[in-house]
Amino acid sequence: MNPQEAYNWLLSHQTETTYLESMRNLLGWDQRTHMPARGHLHRANQLANITRFIHLRRTDPQIGEMLSAVEGTALLDDPCSVEAVNVREWRRSFDRAVKIPEKLAVELARVSSEAESFWRDARPRNDWTGFTKYLQRIVALKREEAELIGYSNEPYDALLDEYEPEETARSLEPLFAELRAGLVDLLGRIEGSSGQPNTSVLHGNFSVYEQESFAREVVECLGYDFAAGRLDPTAHPFSVDIGPGDVRITTRYDSTFLNTALFGAIHEAGHAIYQQGLPSEHWGTPMGQAVSLGIHESQSRLWENFVGRSLSFWKHFYPQAQRHFPTLQNVKVEAFHSAVNEVRSSLIRTEADEVTYNLHILLRFELELAMLRGDLEVEDLPEAWNGKMEAYLGLTPPDFSSGVMQDIHWAIGAIGYFPTYTLGNLYAAQLFAKAEAELGSLQEQMGAGEFRPLLDWLRQNIHSQGSRYLPRDLIRQATGADLNSNHLIEYLETKYAVLYGF
């Protein structure tokens with residue numbers, strides 16, 4: 001078979017497999033939004049079976065044969081061509097998949113589905129003891145997966161690589177240490193400041209209907225296409241890519257607190273805007289897919305924080321907010337802006353501010369490393385969690401639900417995922433700074449309701465690239481510099497010095 005025929009076979013086979021993954025995503029969306037409570041066991045079996053079919057296709061020996069037939073040929077001479085990028089990523093995916101036996105892949109899907117369903121009921125009940133047996137099984141399976149995949153330095157690297165290709169714990173630790181030092185110093189100055197905001201304006205009685213209406217207006221203005229998506233309520237906000245023309249977002253509503261649903265919707269819209277901007281003509285292949293979860297997170301964080309928490313953003317949207325929420329009529333926009341940017345140590349990661357958020361991530365990163373190394377057992381997690389919370393944020397969770405059980409990630413087997421959040425913040429700061437250098441004052445543009453220039457810049461430099469470049473290479477291509485913590489620290493220093501008056 002000639003190289004072009006081999007490539008065409010791969011293209012057809014992998015696109016068909018992506019359709020199955022799309023169906024699995026739809027099952028997952030339904031499970032987290034509208035599925036009847038008694039359907040969880042059947043859904044777990046559905047997901048296990050479709051995962052088996054996907055795994056069989058991903059490990060088909062013919063993939064290896066076809067890859068060998070096309071690799072090293074003139075078809076791939078340009079490493080940035082569509083063909084070369086697809087083959088590179090298909091090889092990465094195939095080599096990883098064939099190391100995972102079907103039995104392990106199916107067991108991970110089954111246990112994770114059962115654990116997620118149990119976690120949703122157990123967290124409100126504070127049932128750590130019941131959840132422990134699920135998490136112990138998940139950690140054991142992920143350790144087995146890491147050993148089968150292989151690694152150079154840390155078992156954790158094998159899992160991290162799934163979410164952030166070619167990233168390692170060794171490369172993250174100095175980057176995170178530098179960021180931690182800057183954040184701790186900044187947090188100390190903020191806590192010692194007398195200029196604390198009045199956050200009472202964010203608490204009260206806020207109609208869920210009005211919250212949804214306002215959230216829809218905002219995310220649509222930012223660039224989310226409702227003709228190709230929808231917004232639904234859920235216990236833990238997420239976005240999901242079903243396929244071209246169908247990228248869905250969710251958020252969580254709190255009728256007594258304004259921030260939760262709005263910023264959750266903006267965050268998930270950031271993810272979805274990225275998905276909607278990927279080249280649809282390459283759907284089903286790496287060139288039509290996001291390159292990593294860290295880059296994905298950079299898009300959600302950029303829109304949520306750098307845009308959505310800016311004074312310029314609120315000067316544009318505040319009149320609309322006042323129409324939806326009459327209690328804001330007598331609150332000045334500057335006071336409201338200060339309130340939504342309050343910095344304080346808190347227990348819940350998803351409600352953390354820009355300054356403390358990454359400390360939550362460092363905590364989880366360190367615990368995951370310890371678990372994968374075998375230095376920390378699941379049953380000892382609550383004590384280790386509470387110790388780090390006290391050391392980093394000066395707080396001790398009063399229960400499991402606001403402590404070790406608060407995140408869905410471990411329940412769904414997503415170990416190695418958490419570092420991508422901090423990477424996303426670092427990427428976002430570097431991208432926003434470069435966009436402003438090229439586009440002029442983004443603050444002036446946002447204040448005038450002009451979000452399209454920033455969106456177009458992201459479309460050109462990030463979204464349209466698909467998986468053409470590995471994450472750090474993509475940042476280097478887009479910004480002209482290697483990834484560093486300087487942009488994020490400088491952004492936070494400048495912003496909060498003004499807000500807190502130091």
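Located above this text is the structure these notes cover.
Computed from a prediction, not measured in an experiment: that's the story for all the values here.

Asker: Is there a simple way to explain the packing of helix α14 (residues 357-373) against helix α16 (residues 419-439) in this structure?
Answerer: Angle between the axes and distance between the axes: these two values describe a pair of packed helices. It is at 8 Å that the axes of α14 and α16 come closest, and there the two elements cross at 145 degrees. Along this stretch, α14 crosses α16, giving a crossing that reads as left-handed. In this structure, α14 uses Tyr357, Asn358, Ile361, Phe365 and Glu368 to contact α16, whose residues at the interface are Pro419, Tyr421, Thr422 and Asn425. Tallied by class, residues from the contact of α14 with α16 come to 5 nonpolar, 3 polar and 1 charged.

Asker: In this structure, what is going on with the side chain of glutamine 445? I would like to understand it.
Answerer: Among the secondary structure elements, glutamine 445 is positioned in helix α17 (residues 442-447). By relative accessible area, glutamine 445 is classed as buried at 13%. If we ignore the near neighbours within four places in the chain, the residues touching glutamine 445 are Leu439, Gly440, Glu450 and Pro453.

Asker: Would you take a moment to explain helix α11 (residues 293-307) for this structure?
Answerer: Counting along an α-helix, one turn takes 3.6 residues, and residues three or four places apart therefore face a common direction. Helix length check: α11, at 15 residues, gives a terminal C-alpha distance of 20 Å against a target of 21 Å (1.5 Å per residue), a fit within 8%. When the local axis directions of α11 are compared, the greatest deviation, roughly 35 degrees, occurs at arginine 301. Judged by how many residues are buried, α11 sits mostly within the fold: 14 of 15 residues are covered.

Asker: Explain the packing of helix α9 (residues 208-222) against helix α12 (residues 311-324) here, please?
Answerer: Running from N to C, α9 and α12 cross one another at 155 degrees; their axes reach a closest spacing of 10 Å. In terms of their interaxial angle, α9 and α12 are classed as roughly antiparallel. Classified by chirality, the crossing of α12 by α9 is right-handed. Note on element contacts: α12 touches α9 through Phe313, Trp314, His316, Phe317, Gln320, Ala321 and His324, opposite Glu210, Ser213, Phe214, Glu217, Val218, Cys221 and Leu222. Taken together, the residues of the contact of α9 with α12 sort by class into 8 nonpolar, 4 polar and 2 charged.

Asker: I tried to follow the environment of glutamine 406 on my own but got confused; where do I start?
Answerer: If you trace the backbone, glutamine 406 turns up in the loop between α15 (381-393) and α16. Looking at glutamine 406, the relative accessible area reads 4%, which means it is buried. Sequence spacing of glutamine 406 and arginine 349 is 57 residues, and the spatial spacing of their C-alpha atoms is 8.2 Å. In this view, glutamine 406 contacts Trp119, Arg123, Leu347, Ile348, Arg349, Arg364, Trp385, Phe400 and Ser401; residues no more than four positions away in its chain are not counted. Within the structure, the side chain of glutamine 406 is placed 2.8 Å from the backbone nitrogen of arginine 349, a separation counted as a polar contact. Side-chain polar atoms of glutamine 406 contact the side chain of arginine 364, separated by 3.2 Å.

Asker: Explain the pairing of strand β2 (residues 239-243) here, please?
Answerer: In regular strands, side chains alternate between the two faces of the sheet. Both β2 and strand β3 (residues 246-251) contribute to a ladder of 4 bridges, which runs antiparallel. Following the sheet pairing, valine 240 is matched in β3 by arginine 248. Taking the residues that link successive antiparallel strands as the turn, the β2-β3 hairpin has 2 residues, and the phi of glycine 245 there is positive, at about 85 degrees.

Asker: How should I be thinking about the layout of surface pockets in this particular structure?
Answerer: Over the atoms, a rolled probe matching the size of one water molecule traces out where space is still vacant. Of the pockets and cavities examined, the second largest pocket occupies roughly 560 Å³. In terms of lining, the second largest pocket is formed by 20 residues, of which the most central are Phe432, Gln443, Tyr491, Thr494 and Lys495. Where the lining of the second largest pocket is concerned, the elements lending two or more residues are α11, α13 (333-340), α16 and α20 (486-500). For the lining of the second largest pocket, the element with the most residues is α20, which contributes 7 residues. Partitioning the lining of the second largest pocket into residue classes produces 8 nonpolar, 7 polar and 5 charged.

Asker: Honestly, the side chain of histidine 236 in this entry has me stumped. Any pointers?
Answerer: Take histidine 236: it is sitting in the loop between β1 (231-233) and β2. If we ignore the near neighbours within four places in the chain, the residues touching histidine 236 are Arg120, Thr250, Arg252, Arg349, Thr350, Ile408 and His409.

Asker: Explanation requested: the pattern of salt bridges in the structure shown.
Answerer: Pairing between side chains of opposite charge can happen when their charged atoms approach one another. This structure, assessed with the given rule, holds 39 salt bridges. For the salt bridge of arginine 137 with glutamate 107, the shortest nitrogen-to-oxygen distance reads 3.6 Å. Taken as a pair, arginine 137 in helix α6 (residues 128-149) and glutamate 107 in helix α5 (residues 102-125) lie far apart in primary sequence, 30 residues in all. The closest approach of N and O atoms between lysine 142 and glutamate 145, which form a salt bridge, is 2.9 Å. Taken together, the residues lysine 142 and glutamate 145, both in helix α6 and 3 residues apart, mark about one turn of the helix. Residue classification places lysine 142 among the buried positions, given a relative accessible area of 5%. Looking at glutamate 145, the relative accessible area reads 6%, which means it is buried. Residues joined in a network through salt bridges with shared partners are Arg88, Glu89, Arg92, Arg96, Lys142, Glu145, Asp161, Glu162 and Glu166.

Each value, and the rule that gives it
- Residues numbered from 1 in each chain as written.
- Predicted model: local features only at pLDDT ≥ 70, side-chain atom pairs only at ≥ 80, totals over all residues.
- Heavy atoms only, no water.
- Axes fitted to C-alpha atoms, helices over the stretch in contact; angles between N-to-C directions.
- Helix = DSSP H or I, 4+ residues; strand = E, 2+ residues; numbered from the N terminus.
- Left-handed = near helix turned anticlockwise from the far one by under 90°.
- Contact = heavy atoms within 4.5 Å.
- Nonpolar A, V, L, I, M, F, W, Y, C, P; charged D, E, K, R; others polar.
- Buried < 20%, exposed > 50% of the residue type's maximum accessible area, 1.4 Å probe, protein only.
- Expected span 1.5 Å × (residues − 1).
- Bend = angle between axes of the 7 residues up to and from the residue.
- Parallel < 35°, antiparallel > 145°, perpendicular 65-115°, else oblique.
- Polar contact = N/O pair within 3.5 Å; in protein donor to acceptor, adjacent residues only side chain to side chain.
- Pairing = 2+ DSSP bridges.
- 1 Å grid on protein atoms, 1.4 Å probe; cavity = no way out; pocket = protein on both sides within 12 Å on 5 of 7 lines; lining within 4 Å.
- Points joined across faces, edges and corners; volume = space filled by probe spheres on them.
- Salt bridge = Lys/Arg side-chain N within 4 Å of Asp/Glu carboxyl O.

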